[in-house]
Amino acid sequence: MDFPLLPVILGAVLLLVFLYFFPISLWITAIFSGVRVGLFQLVLMRVRKVPPSLIVNSLITSTKAGMNLTANDLETHYLAGGNVPTVIKALISADKAGIPLSFNQATAIDLAGRDVFEAVTTSVNPKVINTPNVAAVAQDGIQLIAKARITVRANIAQLVGGAGEETILARVGEGIVTSIGSSISHKEVLENPDKISKLVLQKGLDAGTAFEILSIDIADIDIGENIGAKLQIDQANADLKVAEAKAEERRAMAVAVEQENRAKTQEAKARVVEAEAEIPKAISEAFRSGNLGVMDYYKMRNVQADTDMRDSIANPGGQNSATKPGRDEQRLT
């Protein structure tokens, strides 16, 4: 006689479905742990795709810690996208450390995207934030490179909507730059680095942030470049280039004036040559009209010869323009 397998398989499937939607073992665990949660409520959690084990275990943990929470509170936070176990751990840690933290605050911090358990841990054990190298220039032009350690603890009341570590680092860096820049000499900063910490702490840099600054310690200060000297060198180079440009402009103007004067000289020489070309014609016309006699002509030649002699004595090897009329007259003869 064959054993019917189909009813057995069907019964097993129905049993598994029943146990999935009716987690009886989990319900019994909750009852023995002193947690009030109904079996029908667990079935509704399955329907709403909420893990009953996560809610029940978190509820058991909070009840054992003396907290008065309900399954609806935890289920609502889970459906909102929160991390229920982290919130429960944060509430227990805050209660043991004496930090006032309500369930609504914890869920709001968790839904805001912050790790509420880490925030509580930071409130109990402050953490140290190391700043990157901050470069600043004192009034004597020497650059200083400082590195600081910021000790902070979480401000629970400001975790929702408060600024994060980046804001703290930016504000502290700004305070360090301001403190070094207000120093007359870089030696003053090197002698008293705690002066920077005091000035920065007085500014209240943690206002509006999710942290409370406990201390700011200058870990290291190094001397950088001489920025003042580099700026003076750059300014001198710029002034030199300006002066060179102006000198080049004046040289170009001088060359232009020289070329213009040469053109004028050539034009004047052309007019002289043109005038000298008219001399033979004038002498010929004077002979024809009787205004110039032979004796007058020889007297003029004597004067020209005397002038040529004096010019040759005064300027040996040079040409004398006074001889040109004589050459023109020889052409006439």
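- The chain is annotated in an unreviewed UniProt entry as Flotillin-like protein FloA of Hymenobacter koreensis.
- Its UniProt record, at the heading Sequence similarities (unreviewed entry), says of the chain: "Belongs to the flotillin-like FloA family."
- A UniProt comment under Subunit (unreviewed entry) is attached to the chain, and it reads "Homooligomerizes."

1. Concerning the overall build of the chain
- If you tally the helices and strands in the chain, you get 15 helices and four strands.
- A total of 333 residues make up the chain; the buried ones form 30% of that total.
- Across the chain, contacts joining residues at least 24 apart in sequence account for 66% of those joining residues at least 6 apart.
- When the accessible surface of the chain is summed, it comes to about 21,100 Å², and 58% of that surface belongs to carbon and sulfur atoms.

2. Looking at the pairing of strand 3 (residues 142-154)
- Sheet analysis places strand 1 (residues 127-130) next to strand 3, joined by four bridges and oriented antiparallel. Its bridge partner lying in strand 3, N130 is registered against R149.
- A loop of four residues connects strand 2 (residues 134-137) with strand 3, the two strands running antiparallel in sequence, and G141 in this loop sits at a positive phi of about 90°.
- Where strand 3 lies against strand 4 (residues 211-226), twelve bridges are found, and the strand directions are antiparallel. Note on strand 4: the bridge partner recorded for I142 is N226.

3. Concerning the packing of aromatic side chains
- What the rule picks out here adds up to zero aromatic pairs.
- Note that K89 overlies the ring of F117, its terminal NZ or CZ placed 4.6 Å from the centroid.

4. Considering unusual backbone geometry
- Not every positive phi belongs to a glycine, and K49 is a case in point at roughly 60°.
- Mapped onto the elements, K49 comes out in the loop between helix 3 (39-47) and helix 4 (52-64).

5. Remarks on the pairing of strand 2
- Residues V134 and A136 line the buried face of strand 2, whereas the alternating positions A135 and V137 sit on a face that is not buried.
- In this sheet, strand 3 lies alongside strand 2 in antiparallel orientation, the contact comprising four bridges. Bridge pairing links A135 to I145 in strand 3.

6. Points about helix 8 (residues 116-124)
- Among the residues of helix 8, V116, A119, V120, T122 and S123 are the ones counted as buried. Buried residues of helix 8 fall within an arc of 160° about the axis and therefore sit on the same side.
- Where the residues of helix 8 are buried, they touch helix 6 (84-97), helix 7 (103-111), strand 1 and strand 3.

7. Points about the nonpolar core
- Among the nonpolar cores identified, the biggest contains 55 residues, and L101 and I176 are the most heavily contacted of them.
- Ranked by the residues each element gives to this core, the list is headed by helix 6, at seven residues.

8. Describing the side chain of S183
- Residue position: S183 is located in the loop between helix 9 (165-181) and helix 10 (186-191).
- Accessibility expressed as a relative area gives 2% for S183, which makes it buried.

9. Structural notes on the confidence of the model for the chain
- Model confidence for the chain is summarised by a mean pLDDT of 81, while 88% of its residues fall at 70 or above.
- Under a pLDDT of 50 for its full length, residues 320-333 has, in the predicted model, 24 contacts with residues more than four places off or in other chains.

10. Focus on the pattern of salt bridges
- Under the criterion given, the structure shown has eleven salt bridges.
- K127 is the salt-bridge partner of E165, the closest N and O atoms lying 2.2 Å from each other. Placement of E165 in helix 9 and of K127 in strand 1 is noted, with a sequence separation of 38 residues between them.
- Given the relative accessible area of 24%, K127 is considered partly exposed.
- Among the salt bridges present, the one from E260 reaches K264, with a minimum N-O distance of 3.8 Å. Note that E260 and K264 are positioned in helix 12 (residues 227-277) at a spacing of four residues, about one turn of the helix.
- Residue classification places E260 among the partly exposed positions, given a relative accessible area of 44%.

11. Structural notes on the packing of helix 2 (residues 24-32) against helix 4
- The interhelical angle for the contact between helix 2 and helix 4, taken along N-to-C directions, is 10°, at an axis separation of 10 Å. With respect to helix 4, the axis of helix 2 lies roughly parallel. In contact with L26, T29 and A30 of helix 2, helix 4 contributes P52, S53, V56 and I60.
- Classifying every residue of the contact of helix 2 with helix 4 gives five nonpolar, two polar and no charged.

12. So, the environment of V124
- If you trace the backbone, V124 turns up in helix 8.
- In this structure, the C-alpha to C-alpha distance between V124 and S93, residues 31 residues apart in sequence, is 9.1 Å.
- Contact partners of V124, with chain neighbours within four places excluded, come to A97 and I99.

Reading the values: the criteria
- Residues numbered from 1 in each chain as written.
- Predicted model: local features only at pLDDT ≥ 70, side-chain atom pairs only at ≥ 80, totals over all residues.
- Heavy atoms only, no water.
- UniProt positions renumbered as here; feature names shortened; annotations may be inferred.
- Helix = DSSP H or I, 4+ residues; strand = E, 2+ residues; numbered from the N terminus.
- Buried < 20%, exposed > 50% of the residue type's maximum accessible area, 1.4 Å probe, protein only.
- Contact = heavy atoms within 4.5 Å.
- Areas by Shrake-Rupley, 256 points an atom, 1.4 Å probe, with all protein chains shown as cover.
- Pairing = 2+ DSSP bridges.
- Phe/Tyr/Trp six-rings, centres within 6.5 Å; stacked < 30°, edge-to-face > 60°.
- Lys NZ or Arg CZ within 6 Å of the ring centre and 35° of its normal.
- Arc of directions from axis to C-beta.
- Core = buried A, V, L, I, M, F, W, Y, C linked by side-chain atoms within 4.5 Å.
- pLDDT = per-residue confidence, 0-100.
- Salt bridge = Lys/Arg side-chain N within 4 Å of Asp/Glu carboxyl O.
- Axes fitted to C-alpha atoms, helices over the stretch in contact; angles between N-to-C directions.
- Parallel < 35°, antiparallel > 145°, perpendicular 65-115°, else oblique.
- Nonpolar A, V, L, I, M, F, W, Y, C, P; charged D, E, K, R; others polar.

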